[in-house]
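Structure assessment
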2 protein chains.
Amino acid sequence: MWNERLYHDALLTWEGKAKPKRALGRLEELTANLAAVWGSIDVQEVRPGVVVFAADHGVAEEGISAYPKEVTALMLKAFTSGGACISVFCRSIGAKLWVSDVGVDADTVGIPGVSQDKIRKGSVNFLKGPALGENEVQRALEVGERYAGLLAQAGVNLGIGGEMGIGNTTPSAAIIALLLGLAPECVVGRGSGLDPEGYEKKVGVVTRALNERGPDPKDPVSVLSELGGLEIAALAGFYAGLKKRRIPAVLDGVISLAAFLVARLIEPELDKCVFFGHVGREAGSKAVLERLCARPILSLDMALGEGTGAILAASLLMHAWRAFREMATLKDVLRGG
Amino acid sequence: MWNERLYHDALLTWEGKAKPKRALGRLEELTANLAAVWGSIDVQEVRPGVVVFAADHGVAEEGISAYPKEVTALMLKAFTSGGACISVFCRSIGAKLWVSDVGVDADTVGIPGVSQDKIRKGSVNFLKGPALGENEVQRALEVGERYAGLLAQAGVNLGIGGEMGIGNTTPSAAIIALLLGLAPECVVGRGSGLDPEGYEKKVGVVTRALNERGPDPKDPVSVLSELGGLEIAALAGFYAGLKKRRIPAVLDGVISLAAFLVARLIEPELDKCVFFGHVGREAGSKAVLERLCARPILSLDMALGEGTGAILAASLLMHAWRAFREMATLKDVLRGG
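The rules behind these values
Residues numbered from 1 in each chain as written. Chains lettered and ligands numbered in written order. Predicted model: local features only at pLDDT ≥ 70, side-chain atom pairs only at ≥ 80, totals over all residues. Heavy atoms only, no water. Helix = DSSP H or I, 4+ residues; strand = E, 2+ residues; numbered from the N terminus. Rg over C-alpha atoms; globule rule 2.2 N^0.38 Å. Buried < 20%, exposed > 50% of the residue type's maximum accessible area, 1.4 Å probe, protein only. Contact = heavy atoms within 4.5 Å. Areas by Shrake-Rupley, 256 points an atom, 1.4 Å probe, with all protein chains shown as cover. Buried area = accessible area lost by both parts, 1.4 Å probe. Salt bridge = Lys/Arg side-chain N within 4 Å of Asp/Glu carboxyl O. Polar contact = N/O pair within 3.5 Å; in protein donor to acceptor, adjacent residues only side chain to side chain. Nonpolar A, V, L, I, M, F, W, Y, C, P; charged D, E, K, R; others polar. Domains from an automatic or database assignment. Axes fitted to C-alpha atoms, helices over the stretch in contact; angles between N-to-C directions. Parallel < 35°, antiparallel > 145°, perpendicular 65-115°, else oblique. Left-handed = near helix turned anticlockwise from the far one by under 90°.

1. Structural notes on the overall build of chain A
Helix and strand counts for chain A stand at 14 helices and 6 strands. The C-alpha atoms of chain A give 20 Å as radius of gyration, which agrees with the globular expectation for 337 residues (20 Å, within 12%). For chain A, with 337 residues in total, the buried portion stands at 65%. For chain A, the proportion of contacts with a sequence separation of at least 24, taken over those separated by at least 6, is 74%. Split by element, the accessible area of chain A, about 11400 Å² in all, is 50% carbon and sulfur.

Okay, here's the thing in structure tokens:
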């Protein structure tokens, strides 16, 4: 699907532009990659769209987050009323924002603008049993897949998945450790602001999860069922769905990367169809990028989630694509045109 | 001038926002720095403005560039007609663009939109004598200073200096080597695409310049007079003039950084009033940032100049400042507001 000929066509087009060879550096490769995924170098502009998937996590009861889980539902209001960081960035950059409640442990029907996609009210604490039933995982994957379709219908050609879910760096760390074969210490971070004691507890929780839960690391549904996270499952379905529609995705921080690792079990050639938007502060973010030898577009020590790092990276792709489309050729300039 | 209280006020404001502490990472420090230079946290929005200073270089006759010097004048047409990369980025980001002929070795009067600020038609080859007279340097500094005033009048509150001048990475390398006490090999790069032979020649030219010219490294006019570059002098005056008006600057690649090193001889507290926009591919860019322990906002292997790296970095500051101004507080969110 990834079109190698168009990738090289795009690089060749850059060669002819009014600038020294390769002078735009990585922006030339990144835009060539857009063309290769789209299957076209004639796309007029980059039109980014963001979906924030929100869900709660039973494992939050283990005290692995600096915030109580009630914050998840409260933040949904901030997303839709425009006061959350991703909302401001979407306004500033000109991206449409969707907000999906795929598993918040509270009633969000009263919040205008929140799509009611709830599979269940939060996942089970994976120290006590599988986080989700396999059927629930399937449905969450379908929610994500459905948003890929909605974005395509809306004319979006660059997809960004964000997430909100108190506690969700813990299942993300467990998924990353499992799928990359890394020790919990290498992937657990301080999340939204754990103290050293909380951090130790979080490492212990991830270690126990990996010992007690036994997912098949080759089976995306098994991984998500055992280690869960409804927003992580929805994101995985979203990334897979975008690829099917030739819409490149810009990945965000550690939760997004965990979802991506699952999504590439569903869509094996996914790696070339995504952009690694930024390297976050969370250890798992660095670990995934290093293991995949992926160089992020941005490195700003962010650790917010919501898709905030990804949308900033996407904004650079927008400008770079405009340069690709609108720059004069060296030939034009040399003949004084 | 740099207001430490406002820097901390801004960080404190970030602490209250609807996000985990420090979750926006470097963007929090960068916006706090905007406030500290402006002397206010109540600025409504970041309004970037770009000036591209263009000039030719006598040393180009030594064959240290992949392009003939005629390209400088031709590119001015591309800047003003909208086909140059910086022109596209300015359109895409919403920044006003000024184009100043401060020393092009051709008549540019016929190019609409080019400001006629010419001091002389290119500098002297500094292997044959001082590149510029001291009086010429003074006048070029004043040109830059004048643009700082023009931008302020136009309501710009974030200044970006770009440049165009075939051969200008060579005087820039010489200035950087002199002012940082580095060997030519550490600061000379391949410019707009030199082959290995051309690169050796360029190292030789810089080495000879440093041996044969004897500028006083503490005297900005002496440095610019001996090693020259009219656009480098104008940029230095521009950066100094922006600081006087409390307008932060975003620095670009190696030529911009050479000008900055001179400007801080004029305005000693300049370092805190600028942003290091990106690390370019040219060796001198990395050398300056390392020596100053400055972490660039972007690292995209760009090597174009024109202010292109700086404007992309500026676009991120625009979004970050909007988040600073428009994000809800955690308090608001917790009371369901």
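2. Points about the side chain of Ser-256 of chain B
All names here are of chain B. Along the polypeptide, Ser-256 turns up in helix 11 (residues 254–266). Under the relative-accessibility criterion, Ser-256 is labelled buried at 1%. Excluding its chain neighbours within four sequence positions, the residues that come into contact with Ser-256 are Leu-235, Tyr-239 and Leu-251.

3. Considerations on the interface of chain A and chain B
Quite often, the size of an interface is put as the accessible area lost when its parts meet. In this assembly, 51 residues from chain A lie in contact with 51 residues from chain B. In total, about 4300 Å² of surface goes out of reach between chain A and chain B, with carbon and sulfur atoms giving 64% of it. Viewed at the interface, chain B and chain A are joined by 4 salt bridges. Among the ionic pairs, Arg-91 of chain B bridges to Glu-326 of chain A, the shortest N-O distance being 2.8 Å. Across the chain A-chain B interface, the total number found is 16 residue pairs in polar contact (both at pLDDT 80 or more). Residue assignment for the side of chain A that touches chain B shows that the elements contributing at least two residues are helix 2 (26–38), helix 3 (70–81), helix 4 (85–93), helix 13 (308–326) and helix 14 (330–334) of chain A. Broken down by class, the residue content of the side of chain A that touches chain B amounts to 30 nonpolar, 10 polar and 11 charged.

4. A closer look at the domain arrangement of chain A
Residues and elements named next belong to chain A. Taken domain by domain, chain A holds domain 1 (4–43 + 323–334) and domain 2 (48–316). Each side of the interface is counted separately: domain 1 has 9 residues, and domain 2 has 12 residues. Sorting the residues of domain 1 by area buried against domain 2 places Arg-26, Val-37 and Trp-38 first, and these three jointly supply 57% of that buried surface. Joining domain 1 to domain 2, the criterion identifies 0 salt bridges.

5. Topic: the pattern of salt bridges
Under the defined criterion, the tally for this structure stands at 44 salt bridges over all chains. We note a salt bridge from Arg-335 of chain A to Asp-332 of chain A, for which the minimum N-O separation is 2.9 Å. Arg-335 of chain A gets classed as exposed once you look at its relative accessible area, which sits at 62%. Across the salt bridge formed by Glu-282 of chain B and Lys-202 of chain B, the nearest N and O atoms sit 3.3 Å from each other. One end of the pair, Glu-282 of chain B, is in the loop between strand 6 (274–276) and helix 12 (283–291); the other, Lys-202 of chain B, is in helix 8 (residues 196–212), and 80 residues separate them in sequence. With a relative accessible area of 9%, Glu-282 of chain B lands in the buried category. What you see here is one network of salt bridges that share partners, running through Lys-19, Arg-22, Glu-28 and Glu-29 of chain A.

6. Description of the packing of helix 5 (residues 134–153) of chain B against helix 10 (residues 230–244) of chain B
Between two packed helices, what matters for the description is the angle formed by their axes and the separation of those axes. Residue and element names in this part refer to chain B. With their axes 6 Å apart at the nearest point, helix 5 and helix 10 run at an angle of 45 degrees to one another. Viewed along their axes, helix 5 and helix 10 adopt a mutual orientation that is oblique. For helix 5 against helix 10, the interelement crossing comes out right-handed. Residues Glu-136, Val-137, Ala-140, Leu-141, Gly-144, Glu-145, Tyr-147, Ala-148 and Leu-151 of helix 5 form the contact with helix 10, whose participating residues are Leu-230, Ala-233, Ala-234, Ala-236, Gly-237, Phe-238, Gly-241, Leu-242 and Lys-244. Within the contact of helix 5 with helix 10, the residues separate by chemical class into 12 nonpolar, 3 polar and 3 charged.

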